[in-house]
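Understanding the architecture of this molecule
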Amino acid sequence: MIVISHTLETGTVVYGTTPGDGSGEIIHDAGFRPSRYLDDHPDHGEAYWYVASTRRRPAKQHYIDRCAAALREAGHEVKVEVDNITLPTTSFAELEAERYDRAEERTERFSGYADRALTKGDAMIDQVREERSRIPLGQPHLIDHHSYNRTVRQEERRNAKEDRGREHVQRGERWAGRAKAAAAYQADREDLGTTQRRVERLEADVRRHHRYLQGDTQRWEITVTTDWTDDYGRSLEERLAVRPQGSRVLSHNEAGNTAKVLIAVSPTARAITESQITLLTEEITYWKARIAKLQEQQGRRVWSSADFSRGDFVKCGRRWYEIVRVNSKSLTVANGVNSVHLDVITMANSRNALGGAGWTDRLPYDQADGQMTAAEARLRYPEAFSTGAPGSDEAGNGQQAGNPA
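Presented here is a report on the structure given in the accompanying data block.

What counts and what doesn't
Residues numbered from 1 in each chain as written. Predicted model: local features only at pLDDT ≥ 70, side-chain atom pairs only at ≥ 80, totals over all residues. Heavy atoms only, no water. 1 Å grid on protein atoms, 1.4 Å probe; cavity = no way out; pocket = protein on both sides within 12 Å on 5 of 7 lines; lining within 4 Å. Points joined across faces, edges and corners; volume = space filled by probe spheres on them. Helix = DSSP H or I, 4+ residues; strand = E, 2+ residues; numbered from the N terminus. Nonpolar A, V, L, I, M, F, W, Y, C, P; charged D, E, K, R; others polar. Pairing = 2+ DSSP bridges. Contact = heavy atoms within 4.5 Å. Axes fitted to C-alpha atoms, helices over the stretch in contact; angles between N-to-C directions.

Some points on the layout of surface pockets
- By volume, the largest pocket is sized at about 1400 Å³.
- Considering the residues around the largest pocket, the lining is formed by 42 residues, among which Leu38, Tyr50, Arg55, Leu95 and Arg102 are closest to the centre.
- Listed by contribution, the elements that provide at least two residues to the lining of the largest pocket are strand S1 (2–7), strand S2 (11–15), strand S3 (33–34), helix H3 (92–133), helix H5 (185–189) and helix H6 (192–213).
- With eight residues, H3 is the single largest residue contributor to the lining of the largest pocket.
- Here the lining of the largest pocket is built from residues that sort into 13 nonpolar, ten polar and 19 charged.
- Put simply, the second largest pocket is a space of about 310 Å³.
- Contributing to the lining of the second largest pocket are 16 residues, with Gln196, Glu200, Val302, Trp303 and Tyr365 lying nearest its centre.
- Every element with two or more residues in the lining of the second largest pocket is listed here: H6 and helix H8 (267–298).
- It is H6 that contributes the most residues to the lining of the second largest pocket, four residues altogether.
- Across the lining of the second largest pocket, the residue classes tally to six nonpolar, five polar and five charged.

What about the sheet that holds S2?
- Spatial strand order, S3-S4-S2-S1-S5: five strands in an open sheet with mixed pairing. The open sheet has two edge strands, S3 and strand S5 (78–82), and neither has a second partner.
- Bridge analysis of S1 against S5 gives five bridges, and the strand direction is parallel. Among the inter-strand pairings, isoleucine 2 is bridged to a residue of S5, identified as valine 78.
- This element, helix H2 (residues 61–73), spans S1, S2 and S5 of the sheet and lies at about 165° to S5.

If you want it as structure tokens, here you go:
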């Protein structure tokens, strides 16, 4: 029997398939991926197919349903087991460590593939060059000579060998690129800005889940006036009785024949959502600890709206930008086409392509590298605020072109 199982610990995995049983192509077409590194199940047998990005997440039910239906149609006996509630025993920190270990393994494996392919390709090309070096420079094929057919075949073999060598080299370069990406996996994943944005996204997910648990507020007709609905002729209380426990009327508007009702979340949906909140909270805690460690290692600061005021200047790269507005997630700053020529960009000295005033851009806090008050800016960069400063109309630089910083 083939078992399609989903748990928060393992994600969605297919157990019980065997080579040659005809299920592989069906499962692959349903969106599953193969892997030799899945743990076998003590009851369901070997594992080979899985759905990506389903560990610690609710099941992607449409993948499971599509795969099960296709397998049953092909004559296979299929059992589906889904558990979106039971928390995993593997912590998020352990899961991250597994990811980094697999990335290191991929780096080593891909590097081996690249070295072998490049070595083989270079050797084949060198052999062809050595063979051609023995042919006198400019030696033509002697069409009427008895050796003509032999020399043509030899040249064809050399050309084919050279083409195969170049294919090996190209393959090796592709593997080398994948090895480089795998080697940079942890550094890219733990980049400070990337990690900050990830935490913000996870916190937004937690807030969304909490809002969901509060229920759905809807407006219903007290007396249903359309006879084509299933609710026609049923009282408000009868309609609420078939909704999840806790659903209730919040207010009545008899004159408008409407009622404001709260549809509660079902017990199963509540349990699933609460599990997700627990897992997301664990993940947020882990990444916030990583942010603190990265700050200490890199000597960087995590900026927020509390650190800036309108009129201050924020550093991004090597330039300072005047802050026009302080937002919750970003800063609105001055910018223009002439910013590449300026060290300090203000609303007064920034210009557009036609020579008029510049514009404003959004600068996320994770891209901020420093803060400076307006007074400090005038003391450190007086030329940026003087008449005739670079970029101003008096300086004649109003139409300098360039890419915004």
